[in-house]
Amino acid sequence: MTNEVRVRYAPSPTGHLHIGNARTALFNYLYAKHFNGKFIIRIEDTDEKRNVEGGEESQLKYLKWLGIEWDEGADVGGDYGPYRQMERLDIYNKYVNELIERGLAYKCYMSEEELEAEREEQIANGQPPKHSGKHRNLTAEQIAAYEAEGRKASIRFRVPDNVTYTFNDIVRDEIKFESSDFGDWVMVKQNGVPTYNFAVAIDDHLMNITHVFRGEEHISNTPKQLMIYQAFGWDAPTFGHMTLILNEDRKKLSKRDSHIIQFIEQYKNLGYLPEAMFNFITLLGWSPVGEEEIFTKSKLIEIFDPERLSTSPAIFDVQKLKWMNNEYIKASDLDKVIDLAMPHLIEAGRLSEDMDEETRDWAEKVIGLYREQLRFGQEIVELTDMFFNKTVELDEAAKEVLAEEQVPEVLQVFTDKLIHLDEFNKDTIKDQIKATQKETGHRGKKLFMPIRVATTGQTHGPELPLAIELLGKETIVERLDNLLKELGA
């Protein structure tokens, strides 16, 4: 083993990058960078039936989008390749043959039907299902007979008797398993492809991996990997198993959580900022010292302490993510916010890609109005609805405002003053609001709220004079006239 910290994220190209996998990659990355080590990407592509086209490319693309870079991998090279498991089959075969020669593994010719029947019998007898080792000691004649039948063998590890497997987990301290809990398990499938637990142990050793951070669902895999390490006399890496990510009801995240988006690509497409996602995901199962929650990537690398990985499940708080992304949007340059929001207005058909300069300038000002409110890019479509519709929908709160007795007077005076404005801009509009206050004697919410609701349809929102300017004199006067007619003024 090397003294240099070496960690890996090993995705399977069976799907796209989701929150759980992104967190695994992120914690490994932070650990490596905090200790000036190496972060490696290894593609575990042995489950060929489940691999999806573009899965590997998607995983890598969105890791990069999050701001995670790697030192070694299939796309950047390195001294420990190949970095795809299907390109390492010859390497695995060498170790398989050694274990068979030493009597630590054997060929098993049991069919799927035989295995299932064995399993059902054990369950019926109240026994935990595990492989019986029925083909542990086949004779040469039996092997020849099975092969004459055309049966293909899997390779099983011969689990030793009466061995306790112990490892000190960074997150959970000491964890123990007994060898009696396991039946002889498949190292190599009938098609000659190694299984996860065999290949990952070989790869982690040969790539000098020192630390492995992964989800708690892998705890039960660890003893099988320790069996391989012990069989070859190798030192095992240090393991850290992170807790589950739960929804607000404290249940494991699943596809049924329709309000929680699972895939990183979707967050990008909705207009979340990568630095906000990096920050938010880091806090799913890890906590810094103090109350601060907004950190740059460099700061997170500096302060990352594996001792502060949580032993309690992480709760995915959708509202907190929106709040955090809003904090990053508010701190961003306006040009960045425009780039984030504009494509969503175009996609919604509110604007054209080939809009003229005057329209683009107007649209950029509209987006700028909502910089303080915007929680993610796509939200701009809903927030700016009043700028693209002739009429406005009033909610109950808005209707209550317009039901107050002073409203007709306020709106009539304000309308009369706007009609005679030659220059229609936020400054002259602000002057007319003040003049309406002076003429009617109404001030504060009694004045301001009716004007806001009548012009924008909202009881709260962006800077009102600028919003009125961007809506345009014709639209505003038309809205005010229509409302005054409804009020009988």
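Residues numbered from 1 in each chain as written. Predicted model: local features only at pLDDT ≥ 70, side-chain atom pairs only at ≥ 80, totals over all residues. Heavy atoms only, no water.

Engineer: Which residues make up the overall build of the protein, and what values do they have?
Structural biologist: Along its length, the protein carries 20 helices and eleven strands. By the compact-globule yardstick of 23 Å for 489 residues, the protein is too spread out, its C-alpha radius of gyration being 32 Å. When its C-alpha atoms are laid out on the principal axes, the protein stretches across 105 × 50 × 45 Å. When each of the 489 residues of the protein is scored for burial, the buried share is 48%. Sequence separation of at least 24 residues holds for 75% of the intrachain contacts in the protein that already meet a minimum separation of 6. Just so you have it, the protein exposes about 24300 Å², and 45% of that area is on carbon and sulfur atoms. Separation of charge centres in the protein, based on 60 positive and 86 negative side chains, amounts to 3 Å. (Helix = DSSP H or I, 4+ residues; strand = E, 2+ residues; numbered from the N terminus. Rg over C-alpha atoms; globule rule 2.2 N^0.38 Å. Buried < 20%, exposed > 50% of the residue type's maximum accessible area, 1.4 Å probe, protein only. Contact = heavy atoms within 4.5 Å. Areas by Shrake-Rupley, 256 points an atom, 1.4 Å probe, with all protein chains shown as cover. Lys, Arg positive; Asp, Glu negative; His and termini not counted. Charge placed at Lys NZ, Arg CZ, Asp CG, Glu CD.)

Engineer: Can you break down the pairing of strand S2 (residues 38-41) residue by residue, with the values?
Structural biologist: Each regular strand displays side chains that alternate between the two surfaces of the sheet. Bridge count for strand S1 (residues 6-9) against S2 is four bridges, and the pairing is parallel. Residue pairing for S2: Tyr 9 is matched across the bridge by Ile 41. In terms of handedness, the path from S1 via helix H1 (residues 19-34) over to S2 forms a crossover that is right-handed. (Pairing = 2+ DSSP bridges. Right-handed = clockwise from strand over helix to strand, strands pointing away.)

Engineer: Which residues make up a negative patch on the surface, and what are the values?
Structural biologist: On the surface, Glu 112, Glu 113, Glu 116 and Glu 120 cluster together into a patch of negative charge. As for its placement among the helices and strands, Glu 120 is situated in helix H4 (residues 112-124). (Patch = residues over 30% accessible without salt bridge, like charges linked within 9 Å, V, L, I, M, F, W, Y side chains within 5 Å. Salt bridge = Lys/Arg side-chain N within 4 Å of Asp/Glu carboxyl O.)

Engineer: Which residues make up the packing of helix H3 (residues 89-101) against helix H7 (residues 222-232), and what are the values?
Structural biologist: Two elements in contact, H3 and H7, have axes whose closest approach is 11 Å; the angle formed by their N-to-C orientations is 75°. Classified by the angle their axes make, H3 and H7 are roughly perpendicular. Across the interface between the two elements, Tyr 95, Glu 98 and Leu 99 of H3 pack against Ile 228, Ala 231 and Phe 232 of H7. (Axes fitted to C-alpha atoms, helices over the stretch in contact; angles between N-to-C directions. Parallel < 35°, antiparallel > 145°, perpendicular 65-115°, else oblique.)

Engineer: Now, about the side chain of Glu 56: what can you tell me, with residues and values included?
Structural biologist: Assignment of secondary structure puts Glu 56 in helix H2 (residues 55-66). Polar side-chain contacts of Glu 56 include one of 2.9 Å to the side chain of Arg 84. Not counting residues up to four positions away in its chain, the partners in contact with Glu 56 are Pro 13, Ile 43, Ala 74 and Arg 84. (Polar contact = N/O pair within 3.5 Å; in protein donor to acceptor, adjacent residues only side chain to side chain.)

Engineer: Residues and numbers for the environment of Ile 476, please.
Structural biologist: Tracing the backbone shows Ile 476 in helix H20 (residues 473-487). Setting aside its immediate chain neighbours within four residues, Ile 476 contacts Leu 418, Phe 424, Thr 455, Ile 468 and Leu 471.

Engineer: I'd like to hear about unusual backbone geometry, residue by residue, with values.
Structural biologist: Note: most residues except glycine have negative phi, and most peptide bonds are trans. Omega for the peptide link from Gly 81 to Pro 82 comes to 0°, which places this bond in the cis form. Mapping Pro 82 onto the fold places it in the loop between H2 and H3. A positive phi angle is found at Arg 250, which is not glycine, with a value near 60°. Looking at the element boundaries, Arg 250 is found in the loop between strand S10 (245-246) and helix H8 (264-270).

Engineer: Summarise the packing of aromatic side chains; cite the residues concerned and give the values.
Structural biologist: Inspection of the entire model under this criterion finds 20 aromatic pairs. Ring plane angle 85° and centroid distance 5.3 Å describe the contact between Tyr 95 and Phe 232, whose orientation is recorded as edge-to-face. Of the two residues, Tyr 95 sits in helix H3 while Phe 232 sits in helix H7, which places them 137 residues apart along the sequence. The buried category is assigned to Tyr 95, whose relative accessible area is 10%. Each ring, one from Trp 362 and one from Phe 387, has its centre 6.2 Å from the other, and the planes form 70°; the classification is edge-to-face. Taken together, the residues span a long stretch of sequence, with Trp 362 in helix H13 (residues 357-369) and Phe 387 in the loop between helix H14 (379-383) and helix H15 (396-402) at a distance of 25 residues. Accessibility expressed as a relative area gives 21% for Trp 362, which makes it partly exposed. On the basis of relative accessibility, which here comes to 10%, the residue Phe 387 falls in the buried class. (Phe/Tyr/Trp six-rings, centres within 6.5 Å; stacked < 30°, edge-to-face > 60°.)

Keep in mind these values describe shape, not function.
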